[in-house]
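# Chains, contacts and geometry: an overview
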Amino acid sequence: RGLRIRKSQSDVGVGHTTTNFSSSDSSSRRCTRSNTDPLPLTGNPTNPFLKQTLEISHEIFHNPLSPSLTLKTLALAHSLNCVTNYYHDHHIYAVVRNENQLELTRRYGTLTGSKELYCYLNDLNLNTNNNNGEEKGEKVEEDCDESKSTTTTSMTYYDERNAYGYQKAVELGPPSKLLILCDTSKLDEITSLVRTELNGTNNNTITAENCDAQQQQQKQQQAHVIRGAPPFFVEILHPTVHKGEGLRRLCQSLSVPLEEVIAFGDGDNDLEFLQMAGWGVAMKNARGVLKEVADEVTEGSNDEVSIKW
């Protein structure tokens, strides 16, 4: 959702990373780099990580989707018979029309630990075997602020006039991002279609070759479309929003040189993250596009390698 950080405080220990890496050719992969010099480890460093104290008390940046792009995405997902996660503030709004869509939202909620953040915008009458109201797909209101309550009646017909069932969410404001949930077997097809429909092209991947030109082209696109991992969703964000930009702005606000940052990733949404960091590491089980831009690749997968401080 860009980078939206509320007040928090934590002590950050300084140590070293313990894992095994296999080298990869990184001579052509770096095209986004900070020009700052690394801070020394002696004296009184300004890096809050090195000082072992970190405090963030403000929102660094928030670039939501435009209203026109939001409606276009909702219409597209509706035509594909897919459910959409609508992210606004600290809630996820969804219109679920069948048991498969409900199962996809529950799967995503379990994966990300966000089940309690879901607000279903329509009354459902799905035949499930669970006795719990939320699991049966009934409208969830108790976890939403009263001023942000969901609809009170079931809508059976969806079109542009009611934002394809998402009118209540749209009235709250533009989303930080949208997520189209779909079956894994259809993910590549739907990802390609979404990119083409929203941006007029299926090319949304930055590679080591001609990186600067591709990044400039990406900024001119209407949406930043990412193939999800695990592979059952497509992310749609503002064209300038990605993990790399979040990392850059966070480091800038904390006076942390990007050269002192190590980034680890395995999915398409980690691409700019690894490119922006001083050293980018792809996991063994990472997607090929990520390994192409990584400085190193771990010898083990996510389940085999631990990264410790």
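Residues numbered from 1 in each chain as written. Predicted model: local features only at pLDDT ≥ 70, side-chain atom pairs only at ≥ 80, totals over all residues. Heavy atoms only, no water.

### Re the sheet that holds strand 8 (residues 224-227)
Formally: A pair of strands counts as paired when DSSP detects no fewer than two bridges linking them. Helix and strand assignments follow DSSP, with helices taken as H or I runs no shorter than four residues and strands as E runs no shorter than two, numbered in order from the N terminus. Throughout, an axis means a line fitted to C-alpha atoms (over the contacting stretch in the case of helices), and angles, computed between N-to-C directions, take values from 0 to 180 degrees. By definition in these notes, contact holds between two residues if any of their heavy atoms fall within 4.5 Å.
Strand order in the open sheet made by the six strands is 6-5-4-7-9-8, with mixed pairing throughout. Looking at which strands have only one partner, the edges of the open sheet turn out to be strand 6 (118-120) and strand 8. Here the strands of the sheet are splayed against their neighbours by 25° on average, with no regard to which way each runs. Two elements, strand 7 (residues 177-181) and strand 9 (residues 233-237), share four bridges in a ladder whose sense is antiparallel. Residue pairing in the sheet places L179 in a bridge with E235 of strand 9. Taken strand by strand, helix 1 (residues 67-79) contacts strand 4 (83-88), strand 7 and strand 9, and its axis lies near 5° from that of strand 7.

### Section: the pairing of strand 10 (residues 262-265)
As defined by bridge partners, strand 10 adjoins strand 11 (residues 279-282) across four bridges and the pair is classed as parallel. Note that in strand 11 the partner of G265 across the bridge is A282.

### Side note on the environment of T298
The line we're drawing: Relative accessibility thresholds used throughout: buried, under 20% of the residue-type maximum; exposed, over 50%; partly exposed, between the two (1.4 Å probe, protein chains only). Two N or O atoms form a polar contact when they lie within 3.5 Å of each other; inside protein one atom must be a possible hydrogen donor and the other a possible acceptor, and for residues adjacent in sequence the pair counts only when both atoms belong to side chains.
Within the secondary structure, T298 is located in strand 12 (residues 296-298). Judged by its relative accessible area of 2%, T298 falls in the buried class. Polar contacts involving the side chain of T298 include one to the main-chain amide nitrogen of K284, which spans 3.0 Å.

### A short note on the packing of aromatic side chains
Threshold: Note on aromatic pairs: the rings of Phe, Tyr and Trp (six-membered ring only in Trp) are paired at centre separations within 6.5 Å, and the planes decide the class, stacked below 30 degrees, edge-to-face beyond 60, tilted for the rest. In this analysis the charged atom, NZ for Lys or CZ for Arg, is taken to sit over a ring once it is within 6 Å of the ring centre and within 35 degrees of the ring normal.
Applying the stated criterion to the full structure yields five aromatic pairs. Ring centres of Y86 and Y166 lie 6.3 Å apart, and the angle between their planes is 25°; this geometry places the pair in the stacked category. Residue Y86 is found in strand 4, and its partner Y166 is found in the loop between strand 6 and helix 3 (167-172); the two are separated by 80 residues along the sequence. Like Y86, the residue Y166 is buried in the burial classification. Seen from their ring centres, F232 and F233 are 5.3 Å apart, and the 90° between their planes marks the pair as edge-to-face. The buried category is assigned to F233, whose relative accessible area is 5%. Connected via pairs of aromatic rings, a cluster forms that spans Y108, F232 and F233. Sitting above the plane of the F232 ring, R107 keeps its charged end 3.9 Å from the centroid. The side chain of R249 reaches across the aromatic face of F61, ending 4.4 Å from its centre.

### Describing the nonpolar core
This is how it is decided: What is meant by a nonpolar core is a set of buried Ala, Val, Leu, Ile, Met, Phe, Trp, Tyr and Cys residues, joined one to another through side-chain atoms within 4.5 Å.
Formed by 41 residues in total, the largest nonpolar core has its most connected members in Y108, Y166, L181, V194 and I236. Elements with a contribution of two residues or more to this core: helix 1, strand 4, strand 5 (91-94), helix 2 (99-112), strand 6, strand 7, helix 4 (187-199) and strand 9. Ranked by size, the runner-up nonpolar core spans 18 residues in total, among them C251, V261, L271 and A294.

### Thoughts on the environment of V83
Structurally, the position occupied by V83 is in strand 4. The spacing of V83 and L179 is 96 residues in sequence and 8.4 Å in space, taken between C-alpha atoms.

### Let's talk about the confidence of the model for the protein chain
Caution applies to low-pLDDT regions: their predicted coordinates should not be interpreted in detail. To keep it simple, the criterion reads: As a per-residue quantity, pLDDT reports the predictor's confidence and falls between 0 and 100.
Of all residues in the protein chain, 63% attain a pLDDT of 70 or more, and the chain-wide mean is 76. In the model of the protein chain, strand 1 (residues 8-10) stands out as the element of lowest mean pLDDT, 34, in contrast to strand 7, which has the highest, 98. Counting interchain partners and residues more than four positions distant, the pLDDT-below-50 stretch residues 146-155 has 23 contacts.

### So, the pattern of salt bridges
Where we set the bar: Salt bridges are counted wherever a side-chain nitrogen of Lys or Arg sits within 4 Å of a carboxyl oxygen of Asp or Glu.
Tallying each qualifying case throughout the model produces eight salt bridges. For D159, the salt bridge goes to R161, with nearest N and O atoms at 2.6 Å. Across the pair R248 and E245 runs a salt bridge, and its minimum N-O distance is 2.8 Å. Linking R248 with E245, this pair stays in helix 6 (residues 243-254), spanning three residues, or about one helical turn.

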